[in-house]
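# Coordinate analysis (summary)
In case you want the letters, here they are:
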Amino acid sequence: MEILNIKNLNFTYPKCTAPSLRDVSFSIEDGDFTVLCGATGSGKTTLLRLLKHEIAPHGEKNGTILFFGEDISGVACEKVGFVMQNPDMQIVTDKVWHELAFGLENMGVSQNSIAKRVAEMASYFGIEHWYDRDTSTLSGGQKQLLNLAAVMVMDPMLLILDEPTSQLDPIAASYFISTLKKINLDFGITIIIIEHRLEELIPICDRLLVMENGSLLQNGGPKEVLSKMTADSGLIHSIPTAAKLYRMLGGTGDCPLTAREGRRWIKRNYSTECKGLKIPVYKHSDKSALEFKNVYFRYAKHLPDVLKSLDLNIFENEIFCILGGNGSGKTTSLSCAAGILKPYSGQIRIFGTKLQEYKNQSLYRNCISLLPQDITSIFLCHTVFEELAGTDIEMSDFPFDLSYLLDKHPYDLSGGEQQLLALAKVIAAKPKLLLMDEPTKGLDAEKKTEMLRVLHALKKNGITIVIVTHDVEFAAAVADRCALFFRGEVVSVGVPNEFFSENCFYTTTAARMTKGVFHNTVTVEQVASMCLQNGKKERYL
Amino acid sequence: MKSFEAYNPIVLTAYFLSVTLVLMFCQNPIFLLLSFLGALLYVLIRNQGENGKLHLHYFLLFLLFAILNPLFSHNGKTVLFVINDTLITLEAVVYGLVSAGCVITVLYWFYSFTKIMTRDKLLYVFGKLSPKLSLVLSMGLRYVPLFADKTMRIKNAQKALGLYKEDNILDKCRGDLRVFSILLTWALETGIITSDSMRARGYGKGKRTHFSIYKFHSCDYTLLLLVAVMLVFTLLGIGIGNIGFVFYPGMAWEDVNIFGILSYIFYGALAGLPTLIETGDRMKWKYLISKI
């Protein structure tokens, strides 16, 4: 049974000449788990919002959208659930229980049946423990789970999610995605999700839709779509590692999607005699850029230490990545280095000088800059042009292009464009040490590649870069050295190839995929080169 | 039986309103004494004898109020003594003590009220009066920590980007203005998304119901009825019981009748109710534990 049938859908925003959706037609079976992907600005969000008439954008619309054969504009609100990107802004009320009940209150459901349905959903999602809490005290992952539960409590038939995990850390994101799959299997609810993080989604989805410039390019099962995908597609960067390897090596037959399938595929098709990848020895400069010596920090007297005898030395002109779980003190260490938080014991030296000796804001003049995680907090003006006008640097001096964005409001840019704009502002301040907190949050794979290139260009100009990130794939690709934080201490430091191939869990998919097959391979490019070096297995049939 | 604070917030609000309003509108030393004992005992039993500082503060406040009246009011016929040509009369001293006692007693009741009535209980009571107001308050309370957090983030981001040029006040003010302007833009952005989220969950579609985690149990009805009965008898006594007390020019009681005496008994019971319930609850637990 078809739950959705979309025919020749065209949509143009007011005051726009080019349509945002062009002739989109597809249908979705009841109970399908569908992933919708495409580059920023390809019309994904517009399409999904048109499926929820309460929040559909205004503009000129042609074509039909049928929900179980009925026009979408007549469908009751509770039939279609919608979860958005930002965990914080979607929450309406101050208490978790009130947030869960909000939708049902709007439907005019009686007190007793609200109590029953809320109780049911709270226990299904494991929310009972924080049922009485204030919504502002929840973590990002909990907030997004609450948003999902608050929609599920209305008993929808179709669940639409617009980049729900882009603001979450990888562990919370994995948990969210597995919860979605569980809902899909347990209740048979049809799910349509837009996401950049395809590594985990593609293996579990039933259908993959690919959009480009407002039209639907691909529509089918994930394996089928991946094998049809052309090399110039922007999405080629965001497909699962195993599939990437398969494409790089020009594989034939069934496309592997997960690490397990990828590993089998390598073993079946390539000889694995030569195991170790030769890595050029990394030599860092002997001058220290940022040094933590026995640093202790806690947020309040009665709270536990967040940083515990932290010792870390970061050298000039290296790209250093700090990894670790939530609450391991990564961001806190950056804030301490930037002079925002004051450790109660220990010493921090920046370029050999004690942090306290930088007086009268001189620390921030041509010395250190911090890009916060919440990037929107650094924008001041109403257009990109104004943001950059205050700086004394030419547009052409940036290692990237922003000229096509000048008239836009900084809040209207995509996550990746916002990061680049923020970087531009920082570069204009000419820092020698750049601290970045989660620079890849909310970025699609294409923008991550761009970010990688920009950071390398900055390094060439002599800037030292310290990155705090959850994104192990990005760290493996960009870092000269990495460190793992655990409970406020550094537990291991090393160059990416050693660092990641030693780790079992906290490592890249490529390293997990080739564990025991090759040594030292942490990126898909390295795996590919090892495969080529070893050569294809001879097959005697 | 359950702990006093576990009763339905509406019953609790009704209780506190009755017990304090009667006291405030009726300047009667016996009511005051009963009410004071009830309020103090409940605070003591609830805090297990802690909060020594609170009692000290209230006592100092009491002294202050009590002394002020005889210094400024010279009514009354019984002169106690004269300081610097100022007459201190017995009536003014007693009036001062009574009105200061009244203030302190209301403060004690209010202290218990604020400790018992947490934010969601207050919102629940408001919700019964006006569901719309309650939702608005709930959303407001949601935004306060959200905005405070964002302000902090913006400030830190601005600092670490070197936008505060120097450590002086003028620069700080300019910086704060900048922070405020960004916060405003961000608030509008947030508002748009929140309103989308509300509409997506059917807000504004029709008549809303009002959900809360508090329910009326049979014991709540019982307590409400009890409070109502006591209040009626107390008011009856105030109306026709001749319980008046005159301070000036000389102190005198009116001729109290049976309704007056009943009203003392019932108000005393009303004021002692929280302590009684609390004690009963504790005793029951002790008994249960000894059985286990």
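Keep in mind it's a predicted model, so treat the numbers as computed, not measured.

## Comments concerning the overall build of chain B
Within chain B, the secondary structure is distributed over nine helices and four strands. Here chain B has a C-alpha radius of gyration of 27 Å; the compact-globule value for 292 residues is 19 Å, and the former is much larger. In chain B, which comprises 292 residues, the share counted as buried stands at 39%. Taking all contacts inside chain B whose residues are at least 6 apart in sequence as the whole, residues at least 24 apart take part in 70%. When the accessible surface of chain B is split by element, carbon and sulfur atoms take 72% of a total near 15,900 Å². Seen as two clouds, the 28 positive and the 17 negative side-chain charges of chain B have centres 11 Å apart.

## Some points on the overall build of chain A
Helix and strand counts for chain A stand at 17 helices and 20 strands. Computed over the C-alpha atoms, the radius of gyration of chain A is 25 Å, within 12% of the 24 Å expected from 2.2 N^0.38 for a compact globule of 541 residues. Dimensions along the principal axes, computed over C-alpha positions, put chain A at roughly 70 × 70 × 50 Å. Counting the 541 residues in chain A, one finds 55% classified as buried. Put simply, 67% of the contacts in chain A that link residues at least 6 apart link residues at least 24 apart. In the form shown here, chain A has an accessible surface area of approximately 22,500 Å², with 50% of it arising from carbon and sulfur atoms.

## Here we look at the packing of helix H1 (residues 9-25) of chain B against helix H9 (residues 258-291) of chain B
Residue and element names in this part refer to chain B. Interaxial distance between H1 and H9 falls to 11 Å at its minimum, and their mutual angle equals 135°. As judged from the angle between their axes, H1 and H9 are oblique. Between H1 and H9 lies a crossing whose hand is left-handed. Contact residues: H1 offers Tyr15, Ser18, Val19, Val22 and Leu23, while H9 offers Tyr267, Leu270, Ala271, Leu273 and Pro274. Here the residues of the contact of H1 with H9 sort into nine nonpolar, one polar and no charged.

## Topic: helix H12 (residues 415-428) of chain A
Relative to the 20 Å expected for 14 residues at 1.5 Å per residue, H12(A) spans 20 Å between its end C-alpha atoms, a close match to the ideal helical length. Buried residues dominate H12(A), accounting for 13 of its 14 residues.

## Comments concerning the domain arrangement of chain B
Domain assignment breaks chain B into domain 1 (4-123 + 218-291) and domain 2 (137-200). Between the C-alpha centres of domain 1 of chain B and domain 2 of chain B there is a distance of 46 Å.

## Some remarks on the domain arrangement of chain A
All names here are of chain A. Examined at the domain level, chain A breaks down into domain 1 (2-230), domain 2 (240-269 + 497-535) and domain 3 (288-376 + 429-494). Each of domain 1 and domain 2 has a C-alpha centre, and the two are 32 Å apart. Each partner contributes to the roughly 910 Å² buried at the junction of domain 1 and domain 2, and carbon and sulfur atoms together form 63% of this total. Broken down residue by residue, the surface that domain 1 buries against domain 2 is led by Glu199, Lys223 and Leu226, which jointly contribute 59%. Across the contact surface, domain 1 and domain 2 share two salt bridges. The closest approach of N and O atoms between Glu261 and Lys223, which form a salt bridge, is 3.9 Å. On inspection of domain 1 and its partner domain 2, the count reaches three residue pairs in polar contact (both at pLDDT 80 or more). Secondary structure elements with two or more residues in the side of domain 1 that touches domain 2: helix H6 (198-204) and helix H7 (222-228). For the side of domain 1 that touches domain 2, the element with the highest residue contribution is H6, accounting for four residues. In the side of domain 1 that touches domain 2, the residues fall into five nonpolar, two polar and two charged.

## Remarks on the interface of chain A and chain B
Facing the 60 residues of chain A at the interface are 51 residues of chain B. For chain A, the biggest contributors to the area lost against chain B are Met89(A), Asn106(A) and Tyr411(A); these three give 14% of the whole. Where chain A packs against chain B, one counts ten salt bridges. As a salt-bridge pair, Arg142(B) and Asp88(A) come within 3.3 Å of each other at their nearest N and O atoms. Our count for the chain A to chain B interface comes out at 26 residue pairs in polar contact (both at pLDDT 80 or more). Those elements that place two or more of their residues in the side of chain A that touches chain B are helix H2 (96-107), helix H3 (111-124), helix H4 (140-152) and strand S16 (368-371) of chain A. In terms of residues, the side of chain A that touches chain B owes the most to one element, H2(A), which gives ten residues. Of the residues in the side of chain A that touches chain B, the class split is 30 nonpolar, 18 polar and twelve charged.

Conventions adopted
Residues numbered from 1 in each chain as written. Chains lettered and ligands numbered in written order. Predicted model: local features only at pLDDT ≥ 70, side-chain atom pairs only at ≥ 80, totals over all residues. Heavy atoms only, no water. Helix = DSSP H or I, 4+ residues; strand = E, 2+ residues; numbered from the N terminus. Rg over C-alpha atoms; globule rule 2.2 N^0.38 Å. Buried < 20%, exposed > 50% of the residue type's maximum accessible area, 1.4 Å probe, protein only. Contact = heavy atoms within 4.5 Å. Areas by Shrake-Rupley, 256 points an atom, 1.4 Å probe, with all protein chains shown as cover. Lys, Arg positive; Asp, Glu negative; His and termini not counted. Charge placed at Lys NZ, Arg CZ, Asp CG, Glu CD. Axes fitted to C-alpha atoms, helices over the stretch in contact; angles between N-to-C directions. Parallel < 35°, antiparallel > 145°, perpendicular 65-115°, else oblique. Left-handed = near helix turned anticlockwise from the far one by under 90°. Nonpolar A, V, L, I, M, F, W, Y, C, P; charged D, E, K, R; others polar. Expected span 1.5 Å × (residues − 1). Domains from an automatic or database assignment. Buried area = accessible area lost by both parts, 1.4 Å probe. Salt bridge = Lys/Arg side-chain N within 4 Å of Asp/Glu carboxyl O. Polar contact = N/O pair within 3.5 Å; in protein donor to acceptor, adjacent residues only side chain to side chain.

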